[in-house]
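If you want the building blocks of each chain, they are given just below.
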Amino acid sequence: MEASHGGDKGKSRLCSICNQRRPALKRPKTLQQICKECFYEVFEEEIHRVIVDNKLFKPGERIAIGASGGKDSTVLAYVMSELNRRHNYGLDLFLLSVDEGITGYRDDSLETVKRNEVQYGLPLKVVSYKDLYGWTMDEIVKMIGLKNNCTFCGVFRRQALDRGAALLKVDKLATGHNADDIAETVLLNILRGIYSPNAYRGFAREFIKDLERIRPRAILDIIKSGEDFRIATSTKMPEQGTCQRCGYISSQKWCKACVLLEGLNRGLPKLGIGRTRGVNSEHRKNQQIDTKNIQSKPCGTLDF
Ligand SMILES: Nc1ncnc2c1ncn2[C@@H]1O[C@H](COP(=O)(O)OP(=O)(O)OP(=O)(O)O)[C@@H](O)[C@H]1O
């Protein structure tokens with residue numbers, strides 16, 4: 001402990017939970033300064049409470065954990081396997097990884113996932129863009145360049161996770177999206193309404209991190225405001241259906257992944273970039289505008 005130099009100012013603080021160890025961090029959520037050990041304890045306990053209070057899982061369910069090899073999904077894999085064991089949730093857990101085929105990036109992080117497989121004893125399934133779509137991201141970048149390749153990567157990954165989940169026959173898929181990701185999505189949804197699709201994508205993340213520095217709860221408040229959004233009852237909501245081509249989830253005749261893939265295979269990679277044209281526009285015209293049964297709904301979709 002640091003020596004006190006008179007008055008409260010000079011005293012070194014102690015963890016505000018155990019009052020024994022030195023604090024290692026200040027939680028933005030509570031502004032409490034706490035030690036590493038107490039942080040692990042409250043973090044795991046809070047996740048357990050969210051799982052139990054919201055009845056997220058049922059005994060016997062098969063759950064896939066989207067494992068990118070990044071820090072958040074690695075923590076997710078650890079916490080899920082630990083809580084499942086400690087509290088006897090009775091879940092069958094699996095790791096599901098999508099290999100986008102990005103040399104020097106995903107091949108490295110897949111090594112981390114393989115270590116997690118051994119460490120937590122969770123079976124791992126890897127699905128690749130090459131197997132699912134016939135293209136690796138490296139090949140897509142060669143064709144389309146660096147400007148729009150994030151669209152392909154995000155759309156294909158979202159569907160690849162669905163496909164992997166279907167192969168594993170799981171009931172649910174858990175991902176490691178964190179508060180920053182969700183706050184960014186809320187802001188982007190607002191900006192998209194005001195400006196244009198994908199406007200300010202890079203700016204939104206920087207902006208929320210700047211806000212957090214000034215006011216630590218800002219990220220949680222943005223998420224809360226997103227949860228409280230209400231969509232005007234006159235707004236037509238997309239209807240969830242299935243893609244007529246691949247059978248996976250889509251609100252259009254063809255899902256975005258099939259539109260993008262068609263463009264790639266026809267040597268027209270810009271086909272599905274930006275606002276969808278072509279095959280889906282007729283489908284949209286035919287959709288009846290039915291606002292009667294649309295009640296106010298929470299807003300927000302997560303990008304992958
Ligand atoms: N290639 C992937 N394979 C499986 N799941 C993925 C993959 N990429 C992303 N995800 C899932 O989506 C979540 C959010 O994706 P994001 O791109 O923000 O993650 P990341 O930056 O790769 O790393 P992290 O795991 O730290 O979130 C991940 O936590 C993971 O659950």
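To keep things clear, this report deals only with the structure shown in the data block. (Residues numbered from 1 in each chain as written. Predicted model: local features only at pLDDT ≥ 70, side-chain atom pairs only at ≥ 80, totals over all residues. Heavy atoms only, no water.)

1. So, the packing of helix H6 (residues 137-144) against helix H7 (residues 149-168)
Where H6 meets H7, the closest approach of the two axes is 9 Å, and the angle between their N-to-C directions is 150°. One element, H6, and the other, H7, form an angle in the roughly antiparallel class. Both H6 and H7 take part in a crossing whose hand is right-handed. Across the interface between the two elements, Met137, Ile140, Val141 and Ile144 from H6 touch Asn149, Phe152, Cys153 and Phe156 from H7. Each residue belonging to the contact of H6 with H7 can be placed in one class, and the counts come to seven nonpolar, one polar and no charged. (Axes fitted to C-alpha atoms, helices over the stretch in contact; angles between N-to-C directions. Helix = DSSP H or I, 4+ residues; strand = E, 2+ residues; numbered from the N terminus. Parallel < 35°, antiparallel > 145°, perpendicular 65-115°, else oblique. Left-handed = near helix turned anticlockwise from the far one by under 90°. Contact = heavy atoms within 4.5 Å. Nonpolar A, V, L, I, M, F, W, Y, C, P; charged D, E, K, R; others polar.)

2. Overview of the sheet that holds strand E6 (residues 172-174)
On the basis of which strands lie adjacent, the open sheet formed by four strands has the order E5-E4-E3-E6 and parallel pairing. A strand with exactly one partner marks an edge of an open sheet, and here the two such strands are strand E5 (124-128) and E6. Strand-to-strand, the axes of this sheet are offset by a mean angle of 30°, without reference to chain direction. Pairing geometry for strand E3 (residues 62-66) and strand E4 (residues 92-99), over five bridges, is parallel. Bridging across to E4, isoleucine 63 finds its partner in leucine 93. H7 contacts E3, E4, E5 and E6 of the sheet and is inclined by roughly 140° relative to E4. (Pairing = 2+ DSSP bridges.)

3. What to know about the site of the ligand
Taken together, 19 residues sit near the ligand, with Gly66, Ser68, Asp72, Ser73 and Val98 positioned nearest. One of the side-chain N or O atoms of glutamate 100 is found 3.1 Å from a nitrogen atom in the ligand. Within the contact set of the ligand, a nitrogen atom lies 3.3 Å away from a side-chain nitrogen or oxygen of arginine 106. For the ligand, whose unbound accessible area comes to 570 Å², protein coverage reaches 84%. Mapped by element, the contributors of at least two residues to the shell around the ligand are helix H3 (71-86), E4 and H7. (Near = heavy atom within 4 Å. Polar contact = N/O pair within 3.5 Å; in protein donor to acceptor, adjacent residues only side chain to side chain. Areas by Shrake-Rupley, 256 points an atom, 1.4 Å probe, with all protein chains shown as cover.)

4. Quick look at the pairing of E5
Sheet topology places E4 next to E5; five bridges connect them, and they run parallel. Across the sheet, the residue bridging to serine 97 is valine 126, located in E5.

5. Looking at the packing of aromatic side chains
A complete count under the given rule lists eight aromatic pairs for this structure. Aromatic side chains tyrosine 133 and phenylalanine 156 sit 4.2 Å apart centroid to centroid with 15° between the ring planes, which places their arrangement in the stacked category. One end of the pair, tyrosine 133, is in helix H5 (residues 129-133); the other, phenylalanine 156, is in helix H7, with 23 residues separating them in the sequence. Residue tyrosine 133 is classed as buried on the basis of its relative accessible area of 7%. Aromatic pair phenylalanine 203 and phenylalanine 207: ring centres 5.5 Å apart, planes at 15°, arrangement stacked. Placement of both phenylalanine 203 and phenylalanine 207 in helix H9 (residues 201-214) is noted, with a separation of four residues, approximately one turn of the helix. Overall, phenylalanine 203 belongs to the partly exposed group, its relative accessible area being 41%. Grouping aromatic residues by their ring pairs yields a cluster made of Tyr129, Tyr133, Phe152 and Phe156. For arginine 245, the ring lying beneath its charged end belongs to tryptophan 254, and the centroid distance is 4.3 Å. (Phe/Tyr/Trp six-rings, centres within 6.5 Å; stacked < 30°, edge-to-face > 60°. Buried < 20%, exposed > 50% of the residue type's maximum accessible area, 1.4 Å probe, protein only. Lys NZ or Arg CZ within 6 Å of the ring centre and 35° of its normal.)

6. Re H3
Given a rise of 1.5 Å per residue, 16 residues ought to cover 22 Å, and the 22 Å separating the end C-alpha atoms of H3 matches this to within 8%. Looking at H3, one finds that the buried residues are Ser73, Thr74, Leu76, Ala77, Val79, Met80, Ser81, Glu82, Leu83 and Asn84. Those residues of H3 hidden inside the fold are in contact with helix H2 (36-53), E3, E4, helix H4 (106-120) and E6. Asparagine 88, located one to two residues past H3, shows a positive phi value of around 50°. (Expected span 1.5 Å × (residues − 1).)

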